[in-house]
Amino acid sequence: MPALCRVDRDGAVATVVLDRPEHRNALDLAHKEALLDALEDVARDPEVRAVVLTGSGPAFCVGQDLREHAAGLADGTWDRQRTVERHYNAIVRTLTTMPQPVVDHGGGIVTRDAHVLSGTFQVSVGDTVTGGQQIASVGGDRSIDPADAGTSTGCHLHFEVQRDGQAIDPGPFFTERGITLGS
Ligand SMILES: CC(C)(COP(=O)(O)OP(=O)(O)OC[C@H]1O[C@@H](n2cnc3c(N)ncnc32)[C@H](O)[C@@H]1OP(=O)(O)O)[C@@H](O)C(=O)NCCC(=O)NCCSC(=O)/C=C1/CC=CC=CO1
């Protein structure tokens with residue numbers, strides 16, 4: 001089966017391609033979900049520093065698939081509010097809130113905080129931060145923040161430590177620095 005929405009990678013650049021040119025990349029349910037999944041994947045990927053969204057064929061995207069819309073209206077299954085919340089809002093939020101904050105500590109050490117609550121970033125790319133400074137608020141629950149939480153439920157923080165681009169166990173890393181996690 002052809003990919004509904006493909007992601008082309010060129011180094012740190014991810015190009016998300018709507019791939020339904022024969023229908024001018026109209027967004028039916030399957031394509032909306034494929035687009036959201038692709039955007040969530042690139043937003044989560046620590047290697048991705050830039051994202052391009054484009055469409056294959058002569059048109060970028062004609063928006064909602066009007067055949068699906070008309071069929072749903074005819075048989076009474078169309079729920080506009082649900083698709084606006086579940087798909088369109090989530091797609092736009094994912095686009096407008098990426099990338100997740102990445103703190104470069106120097107010496108090859110980088111920490112990432114994911115599942116922060118959309119719209120709560122208190123820092124921008126290039127800012128210098130200090131220990132104890134709040135950079136965002138915790139989200140991570142799909143019911144309150146579908147764009148940021150992916151498929152997870154319940155508020156939580158995904159915190160990651162990387163050394164030279166590889167994720168490492170944060171327990172020993174912090175113990176060596178006199179910090180006990182969870183305290
Ligand atoms: C001017 C066009 C964009 C392009 O014209 P052209 O290049 O000549 O291509 P066409 O021959 O018209 O179309 C090629 C095939 O694509 C199908 N198609 C085009 N648009 C849609 C669509 N929106 N949904 C489904 N299919 C579409 C078209 O039928 C052809 O397929 P077939 O050969 O099999 O018939 C022109 O295509 C155009 O004006 N399209 C309509 C644009 C439009 O009105 N889009 C909807 C906007 S509303 C919206 O997106 C928002 C919502 C949001 C949330 C909820 C509910 C509703 O809408």
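Because the structure is a prediction, the values reported are computed rather than measured.

Conventions we followed
- Here the residue numbering is sequential within each chain, running from 1 through the sequence in written order.
- This being a predicted model, a pLDDT of at least 70 is required before a residue's local features are given, and a value of 80 or more before pairs of side-chain atoms are given or counted; all residues contribute to the totals for chains, interfaces and linings.
- The side-chain numbers reported here are obtained from all heavy atoms of the structure, hydrogens and water having been left aside.
- Lines are fitted to the C-alpha atoms to define the axes, a helix being fitted only along its stretch in contact, and any angle between axes, read from their N-to-C directions, falls within 0 to 180 degrees.
- Secondary structure elements are defined from DSSP: runs of H or I of at least 4 residues count as helices, runs of E of at least 2 residues count as strands, and each element is numbered from the N terminus.
- Note on angle classes: values under 35 degrees are labelled roughly parallel, values over 145 roughly antiparallel, values of 65 to 115 roughly perpendicular, and the remainder oblique.
- The sense of a crossing depends on the near helix, which, turned anticlockwise from the far helix by less than a right angle, makes the crossing left-handed and, turned clockwise, makes it right-handed.
- Residues count as neighbours in contact if any of their non-hydrogen atoms are within 4.5 Å of one another.
- Nonpolar residues are Ala, Val, Leu, Ile, Met, Phe, Trp, Tyr, Cys and Pro. Charged residues are Asp, Glu, Lys and Arg, and all others, Gly as well, are polar.
- When the centres of two rings from Phe, Tyr and Trp lie within 6.5 Å, Trp using its six-membered ring, the rings pair. Their planes under 30 degrees apart give stacked, over 60 give edge-to-face, and anything left gives tilted.
- Throughout, exposure labels follow a simple rule: accessible area from a 1.4 Å probe, protein chains only, divided by the maximum for the residue type, with under 20% read as buried, over 50% as exposed, and the rest as partly exposed.
- Comment: the charge-over-ring label is applied if NZ (Lys) or CZ (Arg) is within 6 Å of the ring centre and within 35 degrees of the ring normal.
- A pair of strands counts as paired when DSSP detects no fewer than two bridges linking them.

With that out of the way, let us pick up the packing of helix 1 (residues 29-44) against helix 3 (residues 80-97). Packed helices, taken two at a time, are described by their axes: the angle between them and the distance between them. Where helix 1 meets helix 3, the closest approach of the two axes is 10 Å, and the angle between their N-to-C directions is 30°. Overall, the two elements helix 1 and helix 3 adopt an arrangement that is roughly parallel. Between helix 1 and helix 3 lies a crossing whose hand is left-handed. Seen from helix 1, the contacting residues are Leu29, Lys32, Glu33, Leu35, Leu36, Leu39, Glu40 and Ala43; seen from helix 3, they are Thr83, Arg86, His87, Tyr88, Ala90, Ile91, Thr94 and Leu95. Looking at the contact of helix 1 with helix 3 residue by residue, the class counts come to nine nonpolar, three polar and four charged.

Applying the stated criterion across every chain, the model contains two aromatic pairs. With a centroid separation of 5.9 Å and 40° between ring planes, the pair formed by Phe159 and Phe174 is classed as tilted. Taken as a pair, Phe159 in strand 6 (residues 158-163) and Phe174 in helix 5 (residues 170-175) lie far apart in primary sequence, 15 residues in all. Taking relative accessible area as the criterion, Phe159 reaches 34% and is therefore assigned partly exposed. Looking at Phe174, the relative accessible area reads 13%, which means it is buried. Consider the rings of Phe173 and Phe174, whose centres lie 5.2 Å apart with planes at 85°: the pair is edge-to-face. Under the relative-accessibility criterion, Phe173 is labelled buried at 8%. By way of ring pairs, the aromatic residues Phe159, Phe173 and Phe174 are connected into one cluster. The ring of Phe173 has Arg177 sitting right over it, with the charged end atom 3.8 Å from the ring centre.

Before going further, it helps to examine unusual backbone geometry. Phi angles above zero are rare outside glycine, and Arg24 is one such case at about 55°. Of note, Arg24 is situated in the loop between strand 2 (13-18) and helix 1. Among the residues examined, Arg24 registers a relative accessible area of 37% and is labelled partly exposed.

Further remarks concern the sheet that holds strand 1 (residues 5-10). The mixed open sheet is built from three strands, whose spatial order is 1-2-3. The sheet is open, and its two edges are formed by strand 1 and strand 3 (50-55), each paired on a single side. Taken over all neighbouring pairs, the strand axes of this sheet differ in orientation by 20° on average, direction set aside. Sheet analysis places strand 1 next to strand 2, joined by six bridges and oriented antiparallel. Residue pairing across strands places Arg6 opposite Val17, the latter belonging to strand 2.

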